[in-house]
Amino acid sequence: MSDTRHSLPAVPPQPESPSVEGAKGGGTGGDGTGRDGTGGNGTGRDGTGRDGTGGNGTGGNGTGGEARPGAEGRGSFSSGRFLARAAFLTALLTAAGALLGLVRDQTIAHLYGAGPDTDAFLVAWTVPEVAATLLIEDAMALILVPAFSLALARRAGTPGLDPDPVRLLVRSTLPRLFLALGAGSALLVATAPWVVAVLAPGLSEPGLAVDCTRLTATCAFTFGMAGYCSAALRAHGSFTAPAMIYVAYNAGIIITMLVVRDQWGVRAAAAGVAIGGVLMVLVQLPVLWRRLRARRPVDVTVPGQGPKDTGGGPAVALALLAPVIFFALSRQSQVLIERFLAAPLPAGAISHLNYAQKVAQIPMTLSLMLCTVTFPVVARAMAAGDTERARLRVERDLALAGTIVLIGAATVVSCAPQIVEVLFQRGAFEPADTAATADVMRVYALGLLGHTLVGVLVRCYFSAARPLWFPAFAMLTGLVLTTGAGALLVQVWGVLGIAAANALGITVTAALMLHGVGRHSVPVSLRSMTGGLVKLSAAAAAATGSGWLCGALVPSPFLGATAACVVVTAVFLVIAHALRAPETGTILRFLTRPLTRKLAHAR
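This one's a predicted model, so the numbers in the text were calculated from it and none came from an experiment.

1. Things to note about the packing of aromatic side chains
For the structure on display, the rule yields 11 aromatic pairs. Their ring planes at 50 degrees and their centres at 5.5 Å tell us that F121 and W125 sit as a pair that is tilted. Residue F121 and its partner W125 are both found in helix 2 (residues 116-137); the two are separated by 4 residues, about one turn of the helix. Judged on exposure class, the residue F121 and its partner W125 are both buried. For the ring pair F148 and Y228, a centre distance of 6.0 Å and an interplane angle of 80 degrees mean the geometry is edge-to-face. On the criterion of sequence distance, the pair formed by F148 in helix 3 (residues 139-157) and Y228 in helix 7 (residues 219-235) is long-range, its members being 80 residues apart. Here F148 matches Y228 in class, with each residue buried. Members of the aromatic cluster, each reached through a chain of ring pairs, are F223, Y246 and Y249.

2. Topic: the layout of surface pockets
Over the atoms, a rolled probe matching the size of one water molecule traces out where space is still vacant. Within this model, the second largest pocket holds a volume of roughly 720 Å³. Considering the residues around the second largest pocket, the lining is formed by 31 residues, among which L134, L135, L177, L181 and I325 are closest to the centre. In terms of residues, the lining of the second largest pocket owes the most to one element, helix 4 (residues 165-190), which gives 9 residues. Of the residues in the lining of the second largest pocket, the class split is 23 nonpolar, 7 polar and 1 charged.

3. Considerations on a nonpolar patch on the surface
A contiguous nonpolar surface patch, about 390 Å² in accessible area, is contributed by I275, V278, L279, L282 and L285. For the nonpolar patch, the leading source of residues is helix 10 (residues 267-282), giving 4 residues. Within the secondary structure, L285 is located in helix 11 (residues 285-293). Note on L285: relative accessible area 41%, which makes it partly exposed.

4. Topic: helix 18 (residues 448-462)
Taking 1.5 Å per residue, 15 residues should reach 21 Å; helix 18 reaches 22 Å between its end C-alpha atoms and fits that length. Among the 15 residues in helix 18, 15 count as buried, and that is most of the element.

5. Examining empty space enclosed by the protein
With the rule as written, the count across this model stands at 5 cavities of 30 Å³ or more. Taken as a whole, the largest cavity spans an internal volume of roughly 1200 Å³. Lining the largest cavity are 45 residues, with E137, Y246, Q361, M364 and T365 positioned closest to its centre. Broken down by element, the lining of the largest cavity gets its largest block of residues, 8 residues, from helix 1 (residues 80-112). Counted by class, the lining of the largest cavity contains 21 nonpolar, 14 polar and 10 charged residues.

6. Examining the packing of helix 6 (residues 206-216) against helix 10
Taken N-terminus to C-terminus, the directions of helix 6 and helix 10 make an angle of 15 degrees; their axes are 7 Å apart at the nearest point. The pairing of helix 6 with helix 10 is recorded here as roughly parallel in orientation. Handedness of the crossing formed by helix 6 with helix 10: right-handed. In this structure, helix 6 uses L208, D211, C212, L215 and T216 to contact helix 10, whose residues at the interface are R267, A270, A271, V273 and A274. Residues of the contact of helix 6 with helix 10, tallied by class, amount to 7 nonpolar, 1 polar and 2 charged.

7. Section: the state of the cysteines
Under the criterion given, the structure shown has 0 disulfides. Its sulfur unpaired, C550 is 8.6 Å from the next cysteine sulfur, which belongs to C415. Taking relative accessible area as the criterion, C550 reaches 16% and is therefore assigned buried. Looking at C565, it has no disulfide partner, and the nearest cysteine sulfur is the one in C415, 7.3 Å off.

8. A short note on the side chain of S149
Along the polypeptide, S149 turns up in helix 3. Apart from residues no more than four positions distant in its own chain, S149 is found in contact with A235, P376, A379 and R380.

9. Let's talk about the pattern of salt bridges
Per the stated rule, a full pass over the model turns up 7 salt bridges. Across the pair R104 and D105 runs a salt bridge, and its minimum N-O distance is 3.1 Å. Across this residue pair, the class does not change: R104 and D105 are buried. Note that D211 and R267 form a salt bridge whose closest N and O atoms lie 3.0 Å from each other. Remark: R267 occurs in helix 10 and D211 occurs in helix 6; sequence separation between them is 56 residues. Connected through shared salt-bridge partners, E388, R391 and E395 make up one network.

10. Focus: unusual backbone geometry
With a phi close to 60 degrees, R580 is a non-glycine residue in the positive phi region. Along the chain, R580 turns up in the loop between helix 22 (557-578) and helix 23 (584-602). Although it is not a glycine, E583 sits at a positive phi angle of roughly 70 degrees. When you line up the elements, E583 lands in the loop between helix 22 and helix 23. Taking relative accessible area as the criterion, E583 reaches 0% and is therefore assigned buried.

11. Structural notes on the environment of A151
Tracing the sequence through the fold places A151 in helix 3. A151 sits 14 residues away from P165 along the chain, and the two C-alpha atoms are 5.1 Å apart. Other than its neighbours up to four places away in sequence, A151 contacts P165, V166 and L169.

12. Considering helix 22
Its 22 residues give helix 22 an end-to-end C-alpha distance of 31 Å, which sits within 8% of 32 Å, the value for a rise of 1.5 Å per residue. Among all positions in helix 22, only G560, A561, A564, V568, F572, L573 and A576 are buried. At the C-terminal side of helix 22, R580 shows a positive phi close to 60 degrees.

13. So, the nonpolar core
Counting residues in hydrophobic clusters, the biggest one holds 157 residues, and the most contacted among them are F121, F148, F223, M441 and F572. Ignoring anything within four residues of it in the chain, the contact list for F572 reads T403, L406, I407, L536, A539, A540 and A543.

About the cut-offs
Residues numbered from 1 in each chain as written. Predicted model: local features only at pLDDT ≥ 70, side-chain atom pairs only at ≥ 80, totals over all residues. Heavy atoms only, no water. Phe/Tyr/Trp six-rings, centres within 6.5 Å; stacked < 30°, edge-to-face > 60°. Helix = DSSP H or I, 4+ residues; strand = E, 2+ residues; numbered from the N terminus. Buried < 20%, exposed > 50% of the residue type's maximum accessible area, 1.4 Å probe, protein only. 1 Å grid on protein atoms, 1.4 Å probe; cavity = no way out; pocket = protein on both sides within 12 Å on 5 of 7 lines; lining within 4 Å. Points joined across faces, edges and corners; volume = space filled by probe spheres on them. Nonpolar A, V, L, I, M, F, W, Y, C, P; charged D, E, K, R; others polar. Patch = residues over 30% accessible without salt bridge, like charges linked within 9 Å, V, L, I, M, F, W, Y side chains within 5 Å. Areas by Shrake-Rupley, 256 points an atom, 1.4 Å probe, with all protein chains shown as cover. Salt bridge = Lys/Arg side-chain N within 4 Å of Asp/Glu carboxyl O. Expected span 1.5 Å × (residues − 1). Axes fitted to C-alpha atoms, helices over the stretch in contact; angles between N-to-C directions. Parallel < 35°, antiparallel > 145°, perpendicular 65-115°, else oblique. Left-handed = near helix turned anticlockwise from the far one by under 90°. Contact = heavy atoms within 4.5 Å. Disulfide = S-S within 2.5 Å. Core = buried A, V, L, I, M, F, W, Y, C linked by side-chain atoms within 4.5 Å.

So this is what it looks like as structure tokens:
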């Protein structure tokens, strides 16, 4: 990782977990747990064996770096190779889900355009958007991943403990959550007319929005159950099933729309949300059932340290509820504020905001995939009291996520019209809709780095399973700024003012959270991180101009957008590397490794 030392503390090799690369001085011998099965016939020889635990440890084909992503209990959960494989698998499935999400949005645009029917559905769409943030992406994961990590640490520290800490946590939380989510979903169905009146008081089709809201209200239950399963599986080191949920969800929506669109109109999309929510749970339940039945210990400690005992396991999760929920609701309320401010604008304004936001946020989604995989690693390091290990992981995550999202933001700004035309301009989605959506998308892109930093940093704040209110207050500050700026700017710039207020509010929130993370959570180097992000932003600004010029010179929208994406990426990496921005050397080596290997073989 050359050049990192100039903007981030140099990252030494990650401390090797005893069950990842071998415990010094011995370990479990034989052909142990690895690709070839469970075995073992004695004590390992010596040293840190690359093939498993101990010199002969956990097998010549053992767990050291060869564990499959999703194989809980194989002891290599914190190894670099495992994280890379898990991140790649998560990226692949998340990309598939995002692609289906684009197909979903394209289908909605083709079938219903950007008119009053789509606006009515998108008001109802607010329910799954809030539910996804609260129950899958933020609150549920931030509460339960550390809680399950702590329970797994107790299981590993005291084998044979009765009752089992993991099963005790499930028994203490799942039944209550089931009842609470069911009651909340039923309440949303009953109060749908009032919900629509609050969300969009000037809507032209309130009756249609009420019907759609009653259908989408079911996701308050199904998303909660899906989020519970995802958090438990990730804490166990299983990432495949959680990464598949949006593939199942979007497939359910698309198929439902295509099957019953003639009978139900835009209500078919809302029914698809309900069906997709059920599928999100079903793809995870079998895997979670197997994990909970098997009481295999998971490696959660680091050399020389054991898990910290912070009291009762279920109580840890309950203590986190208030600040985490407050943070998640404040974060998702940005969407509610946007819909509220856009409701009195001409028909189609909410649709333009929605399409622009969905596309512009794809880079943010991609940038946070690594953090989805490493969050349990940080939580386990904090549970073991190893703040240095957590700091190194967080600083790398911030640099890598910032690199990915800034490349994406530069691409969006440079060729937004071409992207929207390729994705949406067909059927009822007209050229005027393309121009309006592209303008909004460019403004949204200005806040993408802020959204990514908030997503990375909030995991740091709650990784230690301690109730912290600072992230919630930072998010509330940004929300107040978004609301005030949006109310003023919408009078001047219309829908563009709403997008600008979003970018402003989330950027201020990110700055506050970055400033406070060292004091309240993981002790990252604020000066180094800020300097690194400034260098990455400078590279993104230069790459944006190159991408715009490339897109303007190519007449075909598809070829222009493709060429701009390639040029933006290349220019960004070259300039960032020249500026000695963090992690760019690592990325370049990764990208050029296949060519280097071929040249080496040729010699």
